[in-house]
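The residues making up each chain are set out below.
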Amino acid sequence: MKKAIGVYLLLQAVIRGVCLFLSLRSDESSLPIVVLITSALLMAGAVYMVVLTFLDKARLRQLSRFFVFLMVITVFNIIFMFFQPVEMIPTDSWVTGNLFDLLMAGIILFYLTRQKYYIRAKYVSDTQTGEENGASSGQKARPTA
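A brief look at the structure comes next. Please read these numbers as outputs of a predicted model, since none were measured by experiment. (Residues numbered from 1 in each chain as written. Predicted model: local features only at pLDDT ≥ 70, side-chain atom pairs only at ≥ 80, totals over all residues. Heavy atoms only, no water.)

On to the packing of helix α2 (residues 33-54) against helix α3 (residues 60-82). The description of two packed helices rests on the angle between their axes and on the distance between the axes. Remark: α2 packs on α3, axes separated minimally by 11 Å, with the N-to-C direction vectors making an angle of 165 degrees. Between α2 and α3, the crossing angle belongs to the class labelled roughly antiparallel. Judged by the sense of rotation from one axis to the other, the crossing of α2 with α3 is left-handed. Together, Val34, Val35, Thr38, Leu42, Gly45, Ala46, Met49, Leu52 and Thr53 of α2 and Gln62, Leu63, Phe66, Phe69, Leu70, Ile73, Thr74, Phe76, Asn77, Phe80 and Met81 of α3 make up the contact between the two elements. By residue class, the composition of the contact of α2 with α3 is 14 nonpolar, 6 polar and no charged. (Axes fitted to C-alpha atoms, helices over the stretch in contact; angles between N-to-C directions. Helix = DSSP H or I, 4+ residues; strand = E, 2+ residues; numbered from the N terminus. Parallel < 35°, antiparallel > 145°, perpendicular 65-115°, else oblique. Left-handed = near helix turned anticlockwise from the far one by under 90°. Contact = heavy atoms within 4.5 Å. Nonpolar A, V, L, I, M, F, W, Y, C, P; charged D, E, K, R; others polar.)

Our next topic: the pattern of salt bridges. Using the criterion set out here, one finds 2 salt bridges in the structure. The residue lysine 3 makes a salt bridge to aspartate 56 at a minimum N-O spacing of 3.2 Å. One end of the pair, lysine 3, is in helix α1 (residues 2-25); the other, aspartate 56, is in the loop between α2 and α3, with 53 residues separating them in the sequence. On the basis of relative accessible area, lysine 3 is assigned to the partly exposed category, the value being 37%. Here aspartate 56 falls in the exposed class, since its relative accessible area comes to 61%. (Salt bridge = Lys/Arg side-chain N within 4 Å of Asp/Glu carboxyl O. Buried < 20%, exposed > 50% of the residue type's maximum accessible area, 1.4 Å probe, protein only.)

Structure representation (structure tokens):
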């Protein structure tokens with residue numbers, strides 16, 4: 001599943017980069033510099049996580065932290081742009097982030113949290129019977145140290 005998350009992050013970084021380039025080249029777009037910087041940070045973080053994911057060095061905690069960072073930055077950008085008197089073109093919503101980004105990050109974060117819980121759980125089955133440990137059939141076998 002980490003590979004699928006890596007592909008999602010790669011696609012998101014590419015789409016965000018293309019839309020950022022189109023917004024910078026357009027005369028109609030006038031995004032504030034704060035939004036451009038946070039978008040560039042998200043793209044750099046996504047590319048870093050993609051590299052770690054494809055090298056099999058990404059940990060669940062790193063991925064979870066990145067998605068929390070993505071959610072915080074997206075909420076910041078949405079709130080910041082709400083108070084700005086700026087006309088937005090359609091590609092600007094991909095640069096600032098939208099509710100779809102928040103929804104996907106929340107779902108992936110929930111999945112990563114559940115996966116971490118299940119990966120840490122270790123089920124040990126008792127393969128030895130009481131007779132193999134030297135106990136009689138009526139007594140429970142005690143673990144040895």
